[in-house]
Amino acid sequence: MNIKKNGYSCFIWLLYTVAVSFGLFCVVAFWGNTLGFSLPILIIATVVILALTCGIVYLLYRFTNPLGDLIRKNRPLSIALEVVFVLSILITGVLFAVWMPKDSGGEEYFKLACVKEGSGVPQKLHGATYLYLQFLHLICRFLGNEFIYCVWAQMILYLITVIVIYVAVRRLCGVLPALVVMGFLMFSTQFTAASRKLSPNILFLLLFFITLHMVITCIMNESYPAALYVISGIVIGVVTYLDVIGIVLLLFFATSNKFSYVKRFLLCLSGIISAVAGFMGCILLDFLTSGKEFFSILQAWYRLFAPEKWSLPFAVSAGGAGVEIILLFVGLVMGIFSFFFLKRKETFGIFFLPMAALIAAQGFGVLLKELDGTLLIYLFAVILCSVGFGNIYETRISDEKEEPLQNIPNIQDLDKEEIREEVKEAPVEETETVIQYIENPLPLPKKHVPKMLDYDIEVPDDDDYDI
């Protein structure tokens, strides 16, 4: 997906630079405090790391980009390499998840979802939790009340989620960022632990990115019918009813600057109206099935996600400084400098704004303990890391394709009087017109040959034919 850069992109890059630099300083301070370094030394170390990363990004762009160009130009080779990498990551990741320690967690969800005589799944106000309990209850009904069966079902669900996320990131950011994201998802300790722990996180991630696919389909092409925007908005409303995190999907409508401002406003407005309709439809369905009052259900949902007093977000306070975090910040810092390599393509603002909205929601206590958004925030950070690394290898072919169009002026930017003057001042070349005949393809008429009427017939002189 090609979203062009503009002033908004540069503003997002500035916010991104400040956030990543502050996060890098926190990681450096975590290690520096254990070694007893003072604050000035920590600041100097942060600046040095930024400078070294800038040099590494330039060297990668300068010396390894020809190999990337060669692979991209050879389409069969690029497809074959992509298939090999995807299968290798998936198979190795599955083996890694199977061989990791067996402590899974989430027994409370299993106890609530077990099939018991005379009772079903208990009612839950949180829609995502209730839907997840129904999923586990279905597994227990068909396979039996065994905890291990639910864990294996969770891992299969996670594998499907990884594939859906890979396709979404590939459509938005490219092949290389999608491969980096898949690698993080399959080998990251946080993600692999979430794949084994029974919680609504993985199921909600799957629904979130399936809905994101619908939004991507809307914003990638102007030729799609308006009904698709309405359907996408309704699905966003349903996901928002399951958890308030779903409202972040509306921000993806605003990130596409391929349309004019008026059309983008109408697109966002139609998405918001459709999302409200989908959300109210879920409240109405709950009213019809549960027998509770309509406004009491709506008020209970609001109290569940009502904002509280600001506090430090959990995603920030619980961050460590392991090898995984260091690799994450290497890619994020690369994105500060690789942003300038692509002249006409924007990929940072697509995920940075939703991630910032989720962090703000965490700070105001909007998100619940069952689905606190930490996994999705971490996933958005991984996507931004992959974009920062992938932009180094997305540059040359993208610029070569757009170079012939850079010198063509936009007809809307030219004044009418300037166009008339240029037309008047344009010299008219007078050339002598020479007529060039072609050979006649039709057959010519035969030449007339005079003939003498010389017959052996004698006519009498007194024979008069006129009488």
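Right, let's walk through the structure included here. Once a new chain begins, its residue numbering starts again from 1 and follows that chain's sequence as written. Given that the model is predicted, a residue must reach a pLDDT of at least 70 before its local features are reported, and side-chain atom pairs must reach 80 or more before they are shown or counted; all residues, however, enter totals for whole chains, interfaces and linings. Just so you know, side-chain values use all the structure's heavy atoms and leave hydrogens and water out.

### Things to note about the overall build of the chain
- In this description a helix means any DSSP run of H or I spanning at least four residues, a strand means any run of E spanning at least two, and both kinds are numbered starting from the N terminus. The helix and strand inventory of the chain stands at 20 helices and 0 strands.
- Looking at the chain residue by residue over its 467 residues, the buried ones come to 42%.
- Only heavy atoms enter the contact rule, under which two residues are in contact if any of them lie within 4.5 Å. Considering only intrachain contacts with a sequence separation of at least 6, the fraction spanning at least 24 residues in the chain is 78%.
- Each accessible area is a Shrake-Rupley result for a 1.4 Å probe, and residues are judged covered by the shown protein chains and nothing else. Accessible area of the chain: about 27,700 Å², with a carbon and sulfur share of 67%. Only protein chains enter the accessibility calculation, which uses a 1.4 Å probe. A residue is then buried if its area is under 20% of the maximum for its type, exposed if over 50%, and partly exposed in between.

### Description of the nonpolar core
- Here, the term nonpolar core denotes a set of buried Ala, Val, Leu, Ile, Met, Phe, Trp, Tyr and Cys residues that are joined through side-chain atoms within 4.5 Å. Phe209, Phe253, Phe351, Leu379 and Phe380 are the most contacted members of the largest nonpolar core, which has 110 residues in total.
- Phenylalanine 351 has contacts with Leu172, Cys173, Leu212, Phe252, Phe380, Ile383 and Leu384, leaving out every residue within four places of it along the chain.
- One finds Val57, Met334, Ile392 and Tyr393 within the second-largest nonpolar core, a separate group that totals 5 residues.

### Comments concerning the pattern of salt bridges
- Only one rule defines a salt bridge in this text: a Lys or Arg side-chain nitrogen within 4 Å of an Asp or Glu carboxyl oxygen. In this structure the tally under the stated criterion is 1 salt bridge.
- Note that glutamate 82 and arginine 170 form a salt bridge whose closest N and O atoms lie 2.6 Å from each other. One end of the pair, glutamate 82, is in helix α4 (residues 75-99); the other, arginine 170, is in helix α7 (residues 147-173), with 88 residues separating them in the sequence.
- A residue is classified by how much of its surface remains accessible, and glutamate 82, at 14% relative accessible area, is buried.

### Observations regarding the packing of helix α1 (residues 7-35) against helix α2 (residues 39-63)
- Axis definition: a line fitted to C-alpha atoms, over the contacting stretch in the case of helices. Angles run 0 to 180 degrees between N-to-C directions. Between α1 and α2, the shortest axis-to-axis distance is 9 Å and the interhelical angle comes to 125 degrees. Of the possible angle classes, the one that applies to α1 and α2 is oblique. Seen from above, α1 lies across α2 with right-handed handedness. Across the interface between the two elements, Ser21, Leu24, Phe25, Val28, Ala29, Gly32 and Asn33 from α1 touch Leu39, Leu42, Ile43, Ala45, Thr46, Ile49 and Leu50 from α2.
- The residue classification treats Ala, Val, Leu, Ile, Met, Phe, Trp, Tyr, Cys and Pro as nonpolar and Asp, Glu, Lys and Arg as charged. All others, Gly included, are polar. Across the contact of α1 with α2, the residue classes tally to 10 nonpolar, 4 polar and no charged. Any angle from 65 to 115 degrees is called roughly perpendicular, while one under 35 is roughly parallel, one over 145 is roughly antiparallel, and all others are oblique. Take the far helix as your reference; a near helix turned counterclockwise from it by less than a right angle gives a left-handed crossing, and one turned clockwise gives a right-handed crossing.

### Topic: the packing of α4 against helix α8 (residues 175-187)
- At a minimum axis separation of 9 Å, α4 and α8 run at an interaxial angle of 10 degrees. The pairing of α4 with α8 is recorded here as roughly parallel in orientation. Each of Glu82, Phe85, Val86, Ile89, Leu90, Thr92, Gly93, Val94 and Phe96 in α4 lies in contact with α8, whose residues at this interface are Val175, Leu179, Met182, Gly183, Met186 and Phe187.

### A look at the packing of aromatic side chains
- Side-chain rings of Phe, Tyr and Trp, where Trp is taken by its six-membered ring, are said to pair if the distance between their centres is within 6.5 Å; with planes under 30 degrees apart they count as stacked, over 60 as edge-to-face, and otherwise as tilted. Enumeration according to the criterion identifies 16 aromatic pairs in this entry.
- With centroids separated by 4.8 Å and ring planes inclined at 65 degrees, the aromatic side chains of phenylalanine 279 and tryptophan 301 adopt a geometry described as edge-to-face. Taken together, the residues span a long stretch of sequence, with phenylalanine 279 in helix α13 (residues 261-290) and tryptophan 301 in helix α14 (residues 294-304) at a distance of 22 residues. Each member of the pair, phenylalanine 279 as well as tryptophan 301, carries the same accessibility label: buried.

### Comments concerning the side chain of threonine 161
- Among the structural elements, threonine 161 can be located in helix α7.
- For threonine 161, the residues in contact, after removing those within four places along its chain, are Ile202, Leu205 and Leu206.

### A closer look at α2
- Its 25 residues place the ends of α2 36 Å apart at the C-alpha level, agreeing with the 36 Å of an ideal helix rising 1.5 Å per residue.
- Residues of α2 that are buried: Leu42, Thr46, Leu50, Thr53 and Val57.
- Residues of α2 that are buried sit in contact with α1 and α16 (323-338). To estimate how far a helix should reach, multiply one less than its number of residues by 1.5 Å.

### A look at the state of the cysteines
- Our working definition of a disulfide is a cysteine sulfur pair at a distance within 2.5 Å. The final tally for this structure, using the stated rule, is 0 disulfides.
- Of all cysteine sulfurs in the structure, the one in cysteine 140 sits closest to cysteine 150, which takes part in no disulfide; the separation is 3.7 Å.

### A closer look at a nonpolar patch on the surface
- A cluster of nonpolar side chains, contributed by Ile79, Val83, Leu87, Ile91, Leu95 and Trp99, occupies part of the molecular surface with about 640 Å² of accessible area.
- With respect to the helices and strands, the residue leucine 87 is situated in helix α4.
- Accessibility expressed as a relative area gives 47% for leucine 87, which makes it partly exposed. The patches described consist of residues with a relative accessible area above 30% and no salt bridge, like charges being joined within 9 Å and nonpolar side chains (Val, Leu, Ile, Met, Phe, Trp, Tyr) within 5 Å.

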